[in-house]
Amino acid sequence: MSDAVDAKTIVRLVRYAASHPAVVVEPGEGGVTLSAGKDRPPRHFPHGALDRACASGLVVREASRVRATPEAQGFLRRALLAPDDAFQEQHRDIDNRTVSVDGIRQTARVNALESPLGAIARLKEKSGQAFLTPEAVAAGERLHADFTRAQLQPRLTMAYEPRLASKTRGGAGGTADLSDTALAARMRVGRAMEAIGPELCGVALDVCCFQKGLELVERERQWPARSAKLMLRAALMTLARHYAPPRPAGRQSHAWGAEGYRPDVSGLVTGIKDG
């Protein structure tokens, strides 16, 4: 039997095993017969297919029964896609966005499923408008980028939130071990948390940095249902103003003079020489 036929046979075997929590295995001539009860007719498979599926961790054989493992569902989803993109397509939702790289705005392909923020950015209001403004989404992504560069670990939890910039202990894990880039990023994260404030910085860290979903945040913080997204929006809007503060409308200086006017500084120069 060719490799292509073997692969298809394994897919059929795994699909059959996944259709019922306890599939009976009956040895037969040249292979085995799987039976999932009266709901589905039995299927015959060669011994090699069952052995290969067991060796791959897709099914587990226990005496006269066989059952699919948790890995079987991902295997079956990948089997329906092109071989080259199967694993990647299973875990991505590609979107084109404009990002800032070293001060230059560029178009980049972003996987919207990489973080909970990507899913929240797709939420809509009843009016059809986006739940988060582009500035708020960009602020959350910038916070996550700084958090990653700062090499902050998930064990730095809520008790650490308001004082991200004040960790100065030496020794392993302290600022003495950080590179200049990581230290600068850690200071930026600290300033961002101070700008957001102690009431809102926790939800921004949870979603943007620790990659927690809104429901998990609400359970951990014992918040009412659907309140985390409102708190997150307020935090990200505050963070966006921190990253790009509005220019104050102060008085501007004016230079009065006719067109082509140039001040005469010869007297000033002479006074300096005489002095």
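J.: Could you clarify how one ought to interpret the packing of helix 6 (residues 134-149) against helix 10 (residues 228-243) in this entry?
T.: When two helices pack together, you describe them by how their axes are tilted relative to each other and by the distance separating the axes. At their nearest, the axes of helix 6 and helix 10 sit 8 Å apart, and the two run at 75° to each other. Relative to helix 10, helix 6 is oriented roughly perpendicular. Contacts between helix 6 and helix 10 pair E135, A136, A139, G140, R142, L143 and D146 from the former with L236, M237, L239, A240 and Y243 from the latter. Among the residues making up the contact of helix 6 with helix 10, the classes are represented as eight nonpolar, one polar and three charged.

J.: Just checking my understanding: could you explain the pairing of strand 2 (residues 31-35) for this structure?
T.: The side chains of a regular strand alternate, residue by residue, between the two faces of the sheet. Pairing geometry for strand 1 (residues 23-28) and strand 2, over five bridges, is antiparallel. Following the sheet pairing, P27 is matched in strand 2 by V32.

J.: Whenever I open this one, the confidence of the model for the chain confuses me. Can you help?
T.: Parts of the prediction with low pLDDT should not have their coordinates interpreted in detail. Counting all residues, the mean pLDDT for the chain is 75, and 65% of those residues have values of 70 or more. When the elements of the chain are averaged for pLDDT, helix 4 (residues 86-90) gives the smallest value, 47, and helix 10 the largest, 95. Across residues 82-91, confidence stays below pLDDT 50; counting only partners more than four residues off in sequence or on other chains, it has 11 contacts. Below a pLDDT of 50 lies the segment residues 155-163, which in the model reaches 10 contacts outside its immediate sequence neighbourhood of four places, other chains included.

J.: I'm lost on the side chain of R221 in this one. Help?
T.: Position of R221 among the secondary structure elements: in helix 9 (residues 214-221). There is a polar contact of 2.9 Å between the side chain of R221 and the side chain of D206.

J.: Would you mind showing me how to read the packing of helix 6 against helix 7 (residues 180-196) here?
T.: At a minimum axis separation of 7 Å, helix 6 and helix 7 run at an interaxial angle of 140°. It follows from the interaxial angle that helix 6 and helix 7 lie oblique. By crossing handedness, the relation of helix 6 to helix 7 is classed as left-handed. Here L143, D146, F147 and R149 of helix 6 come into contact with helix 7, specifically with A182, A185, R188, V189, A192 and M193. Of the residues belonging to the contact of helix 6 with helix 7, the class tally is seven nonpolar, no polar and three charged.

J.: Honestly, the environment of P116 in this entry has me stumped. Any pointers?
T.: Position of P116 among the secondary structure elements: in helix 5 (residues 116-121). For P116 and C209, which are 93 residues apart along the polypeptide, the C-alpha to C-alpha distance reads 9.8 Å. For P116, the residues in contact, after removing those within four places along its chain, are V207, Q211, K212 and G213.

J.: In this structure, what is going on with the sheet that holds strand 3 (residues 43-46)? I would like to understand it.
T.: Pairing between sheet strands relies on hydrogen bonds along the backbone, with the strands arranged either parallel or antiparallel. Within the open sheet, the five strands sit side by side as 3-2-1-5-4. Their pairing is antiparallel. The open sheet terminates on both sides in strands that have one partner only, identified here as strand 3 and strand 4 (59-62). Across this sheet, the average inter-strand angle for adjacent strands is 35°, counted without regard to direction. Inspection of the sheet shows strand 2 paired to strand 3 by four bridges, in the antiparallel sense.

J.: What am I meant to see in the side chain of T69 here?
T.: Relative to the elements of secondary structure, T69 occurs in the loop between strand 5 (65-68) and helix 3 (71-79). What makes T69 buried here is its relative accessible area of 9%. Every residue in contact with T69, bar those within four places of it in the chain, is listed here: G57, L58, V59 and V60.

J.: Please explain the packing of aromatic side chains as it appears in this structure.
T.: For any two aromatic rings, the description comes down to two numbers: the centre-to-centre distance and the angle of the planes. Following the criterion strictly, the structure yields one aromatic pair and no others. Pairing F147 with F210 gives two aromatic rings, centres 5.3 Å apart and planes at 90°, and the pair type is edge-to-face. Pair noted here: F147 is in helix 6 and F210 is in the loop between helix 8 (201-209) and helix 9, with a separation of 63 residues, a long-range link. The same class applies to F147 and to F210, which are both buried. For R142, the ring lying beneath its charged end belongs to Y243, and the centroid distance is 4.1 Å.

J.: Just checking my understanding: could you explain the pattern of salt bridges for this structure?
T.: Side-chain pairs of opposite charge can arise whenever the charged atoms involved come near each other. A full pass over the atoms with the stated rule returns seven salt bridges. Residue R149 pairs with D146 through a salt bridge whose shortest N-O separation is 3.4 Å. Here R149 and its partner D146 are both found in helix 6, three residues apart, which amounts to about one turn of the helix. R149 gets classed as partly exposed once you look at its relative accessible area, which sits at 45%. For D146, a relative accessible area of 2% gives the class buried. One salt bridge connects D206 with K212, and the closest N-O pair in it is separated by 3.7 Å. A single network of salt bridges, built from pairs that share partners, joins D206, K212, E220 and R221.

Definitions and limits used
- Residues numbered from 1 in each chain as written.
- Predicted model: local features only at pLDDT ≥ 70, side-chain atom pairs only at ≥ 80, totals over all residues.
- Heavy atoms only, no water.
- Axes fitted to C-alpha atoms, helices over the stretch in contact; angles between N-to-C directions.
- Helix = DSSP H or I, 4+ residues; strand = E, 2+ residues; numbered from the N terminus.
- Parallel < 35°, antiparallel > 145°, perpendicular 65-115°, else oblique.
- Contact = heavy atoms within 4.5 Å.
- Nonpolar A, V, L, I, M, F, W, Y, C, P; charged D, E, K, R; others polar.
- Pairing = 2+ DSSP bridges.
- pLDDT = per-residue confidence, 0-100.
- Polar contact = N/O pair within 3.5 Å; in protein donor to acceptor, adjacent residues only side chain to side chain.
- Left-handed = near helix turned anticlockwise from the far one by under 90°.
- Buried < 20%, exposed > 50% of the residue type's maximum accessible area, 1.4 Å probe, protein only.
- Phe/Tyr/Trp six-rings, centres within 6.5 Å; stacked < 30°, edge-to-face > 60°.
- Lys NZ or Arg CZ within 6 Å of the ring centre and 35° of its normal.
- Salt bridge = Lys/Arg side-chain N within 4 Å of Asp/Glu carboxyl O.

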